[in-house]
Amino acid sequence: MPSSLILQNEEKNKGTLVNSIPKQKKQISLSQFIIEEQLKIPHASGEFTALLNHLVYAAKIVAREVRKAGLLHDILGSTEDTNVQGETQMKLDQYADNAFNQSLKICGHLCVLASEEHEEIIPIPGGYRLGKYTMAIDPLDGSSNIDTNVSIGTIFSIHQRLDPTSTSPGTEKDLLQKGSLQRSAGYIIYGSSTMLVLTTGKTVTGFTLDPSLGEFLLSHENMTMPEKGDIYSTNEGNSSYWSEEVKNYINHIKSIDGGKKPKTARYIGSLVADFHRNLLKGGIFLYPNDTKSSKYPNGKLRLLYEAAPMAIIAEQAGGMAVTVKGERILDLDPKSLHERTTLIIGSKREVEEFLTFIRK
């Protein structure tokens with residue numbers, strides 16, 4: 001073959017190769033995203049941005065330990081301790097609680113901290129700056145799934161203290177605010193990838209941890225929950241203890257009367273994992289109260305640490321969150337740090353349909 005034709009073929013193949021390489025989309029880190037959002041707010045001080053950086057630092061540590069659980073560290077299994085709820089603590093429960101507490105209470109941007117694992121508030125140690133924010137955190141949601149390698153998560157809720165100008169340590173009252181007043185909320189899910197889902201009160205945004213960079217990168221912009229979905233998530237093992245209204249609703253969505261297609265049951269037993277799936281695909285999650293135990297007459301999920309932060313994420317994504325009585329979760333006025341509630345959360349049309357059974 002003449003050398004000129006060889007050169008032409010090489011140039012042609014080179015062009016084909018270049019065109020076949022997928023274009024990389026612009027990668028935006030969580031820090032960049034928060035800073036850009038901060039610039040849109042007049043008089044923003046940067047405190048909130050710095051607070052999130054401390055939260056994310058601890059999340060990376062927990063994510064690393066979750067990935068190595070059972071491999072390099074004796075971190076699987078339960079301890080001999082129980083938490084404030086009387087539940088057996090897992091080893092990774094304690095590890096996550098320590099990681100977040102150590103990072104957050106000295107960050108200089110909180111006036112008080114509360115953890116689902118502690119009975120009382122966690123004060124800011126002396127000698128450290130007091131900030132204008134409060135945080136309530138569930139360090140490791142779904143910890144009973146740790147030993148079986150099922151997705152678990154961290155849930156957090158951020159409020160501004162009642163008096164932002166105060167220089168005194170925060171109190172329990174600063175934490176006991178309605179969910180509608182949250183400045184930010186989110187969760188970190190430790191699964192096939194580690195993902196942070198965050199709302200600052202306007203939209204819901206997802207960031208996925210790139211282990212090679214050690215950075216959370218923007219992966220899901222303006223997350224929206226589908227208006228309806230075919231998935232329902234609940235522990236049907238407790239159905240005999242439910243109210244008639246809840247039983248009737250579940251029987252309705254499983255019914256095939258008139259050729260109707262029943263909904264699909266998907267229940268993991270980890271609120272973060274069940275909610276995350278429904279956020280992406282649509283559906284409804286139900287955790288009603290039951291008569292199984294007199295210990296939880298008002299439901300089992302914690303209002304401050306689980307229900308309220310998930311509720312604001314759901315609403316900002318176009319969904320709904322109510323109690324079994326039809327009360328809006330974000331309107332509930334918490335009376336104690338560990339107050340419990342029922343939770344019906346998910347796609348708008350699915351929750352609205354549930355409410356028709358309660359009204360009956």
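Scroll up for the structure.
Since we're looking at a predicted model, the values are computed, not measured.

Caption draft 1: The packing of helix 2 (residues 30-39) against helix 3 (residues 47-68), seen in detail. Axis separation between helix 2 and helix 3 bottoms out at 10 Å; the angle between their running directions is 160°. When the axis of helix 2 is compared with that of helix 3, the two are roughly antiparallel. Judged by the twist between their axes, the crossing of helix 2 over helix 3 is right-handed. Note on element contacts: helix 3 touches helix 2 through Thr49, Leu52, Asn53 and Val56, opposite Leu30, Ser31, Ile34, Ile35 and Gln38. Of the residues assigned to the contact of helix 2 with helix 3, the class counts are 5 nonpolar, 4 polar and no charged.

Caption draft 2: Representation of the sheet that holds strand 10 (residues 215-220). Strand order in the open sheet made by the 8 strands is 4-3-5-6-7-8-9-10, with mixed pairing throughout. The open sheet terminates on both sides in strands that have one partner only, identified here as strand 4 (122-123) and strand 10. Across the sheet, helix 7 (residues 271-281) is in contact with strand 5 (133-141), strand 6 (152-160), strand 7 (184-190), strand 8 (194-199) and strand 10; its angle to strand 7 comes to roughly 105°.

Caption draft 3: Just helix 8 (residues 303-316), in detail. Across the 14 residues of helix 8, 12 count as buried, placing the element largely inside the fold. Every buried residue belonging to helix 8 is among Leu303, Leu304, Tyr305, Glu306, Ala307, Ala308, Pro309, Met310, Ala311, Ile312, Ile313 and Ala314, and all of these are buried. Positive backbone phi, approximately 100°, marks Gly318, located one or two places after helix 8.

Caption draft 4: Summary view of the sheet that holds strand 17 (residues 343-346). The 5 strands lie next to each other as 12-11-13-17-15, forming an open sheet whose pairing is mixed. Both outer strands of the open sheet, strand 12 (264-265) and strand 15 (320-322), are each paired with one neighbouring strand and no more. Here 3 bridges tie strand 15 to strand 17, and the two strands are oriented antiparallel to one another. Bridge assignment links Ala321 to a residue of strand 17, and that residue is Ile345. Contacting strand 15 and strand 17, helix 8 runs over the sheet at an angle of about 25° to strand 17. Its contacts with the sheet place helix 9 (residues 348-359) against strand 13 (284-287), strand 15 and strand 17, and it is angled at close to 30° to strand 15.

Caption draft 5: Here's a closer look at unusual backbone geometry. Backbone geometry places Asn222, a non-glycine residue, at a positive phi of 50°. In this fold, Asn222 is placed in the loop between strand 10 and strand 11 (231-233).

Caption draft 6: Summary view of the pattern of salt bridges. Inspection of the entire model under this criterion finds 11 salt bridges. When the shortest N-O distance is used, the salt bridge between Arg277 and Asp274 registers 3.1 Å. Remark: Asp274 and Arg277 occur in helix 7; sequence separation between them is 3 residues, near one turn of the helix. Each member of the pair Arg277 and Asp274 is classed as buried. The shortest N-O distance in the salt bridge between Arg328 and Glu315 comes to 2.9 Å. Within this pair, whereas Arg328 is found in the loop between strand 15 and strand 16 (340-341), its partner Glu315 is found in helix 8, the two being separated by 13 residues in sequence. Among the residues examined, Glu315 registers a relative accessible area of 25% and is labelled partly exposed. A single network of salt bridges, built from pairs that share partners, joins Glu116, Arg302 and Glu306.

Scoring rules and cut-offs
- Residues numbered from 1 in each chain as written.
- Predicted model: local features only at pLDDT ≥ 70, side-chain atom pairs only at ≥ 80, totals over all residues.
- Heavy atoms only, no water.
- Axes fitted to C-alpha atoms, helices over the stretch in contact; angles between N-to-C directions.
- Helix = DSSP H or I, 4+ residues; strand = E, 2+ residues; numbered from the N terminus.
- Parallel < 35°, antiparallel > 145°, perpendicular 65-115°, else oblique.
- Left-handed = near helix turned anticlockwise from the far one by under 90°.
- Contact = heavy atoms within 4.5 Å.
- Nonpolar A, V, L, I, M, F, W, Y, C, P; charged D, E, K, R; others polar.
- Pairing = 2+ DSSP bridges.
- Buried < 20%, exposed > 50% of the residue type's maximum accessible area, 1.4 Å probe, protein only.
- Salt bridge = Lys/Arg side-chain N within 4 Å of Asp/Glu carboxyl O.

All quantities given are derived from atomic positions and should not be read as evidence of function.
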